[in-house]
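Residue-level listing of the chains:
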Amino acid sequence: MSGDCLYEYSIVRYVPAVERGEAINIGLAMMCKRRRWLRLEFFIDEEKLRVMRAPHTAAEIHSQIEGMKRVAAGNSADGRLASMEAEERFRWLTAVRSACLQTSRPHPGMTDDPDATFTRLFNELVC
């Protein structure tokens, strides 16, 4: 590990049926507390949804994602959660939940360039 910025990332997963224990990686959340930086992006592969016999459409999943995006963006006009510090918003986004959108446990790393690291992780883990 190299870099001056400690970061944490978590994979966002779509879970079509909790009881089956199957999931599709659809997004990535990453945060660097020192830089007050938080980024969240999504990519939904509709072919994977079809193969997994997902009960939700991509549009329905996108509507659920919108709330997460507003919190991640940190615009205080979007409510109390969105106005919190980056690390607090990250903790809320990555909290354990039993729903069709879940996140992995956060994983740490070090980087000099959070955006480049985010892009690399997103391409490796989501796309």
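Residues numbered from 1 in each chain as written. Predicted model: local features only at pLDDT ≥ 70, side-chain atom pairs only at ≥ 80, totals over all residues. Heavy atoms only, no water.

**Q** In this structure, what is going on with the confidence of the model for the chain? I would like to understand it.
**A** Low pLDDT marks regions whose predicted coordinates should not be analysed in detail. When pLDDT is averaged along the chain, the result is 93; 99% of the residues meet or exceed 70. Taking the mean pLDDT of every element in the chain, the minimum, 92, falls on helix α2 (residues 58-73) and the maximum, 98, on helix α4 (residues 114-125). (pLDDT = per-residue confidence, 0-100. Helix = DSSP H or I, 4+ residues; strand = E, 2+ residues; numbered from the N terminus.)

**Q** Would you explain the pairing of strand β3 (residues 37-42) in this entry?
**A** On a regular strand, each side chain points to the face opposite its neighbour's, so the side chains alternate between the two faces of the sheet. Of all six residues making up β3, five are buried, and the element is well covered by its neighbours. Pairing between strand β2 (residues 24-32) and β3: six bridges, direction antiparallel. Among the inter-strand pairings, Met30 is bridged to a residue of β3, identified as Arg39. Counting the residues that bridge the hairpin from β2 to β3 gives four residues, and of these Arg36 lies at a positive phi of roughly 55°. (Buried < 20%, exposed > 50% of the residue type's maximum accessible area, 1.4 Å probe, protein only. Pairing = 2+ DSSP bridges.)

**Q** Hey, could you run me through the packing of aromatic side chains in this one?
**A** Each aromatic ring pair is characterised by the separation of its centres together with the angle its planes make. Summed over all chains, the structure comprises two aromatic pairs. Between the aromatic rings of Tyr7 and Tyr9, the centroid separation amounts to 6.4 Å while the plane-to-plane angle is 35°, which identifies the pairing as tilted. The class of Tyr7 is buried, set by a relative accessible area of 6%. Residue classification places Tyr9 among the buried positions, given a relative accessible area of 14%. Note on Phe118 and Phe122: the rings are 6.0 Å apart at their centroids and 15° apart in plane angle, and the pair reads as stacked. (Phe/Tyr/Trp six-rings, centres within 6.5 Å; stacked < 30°, edge-to-face > 60°.)

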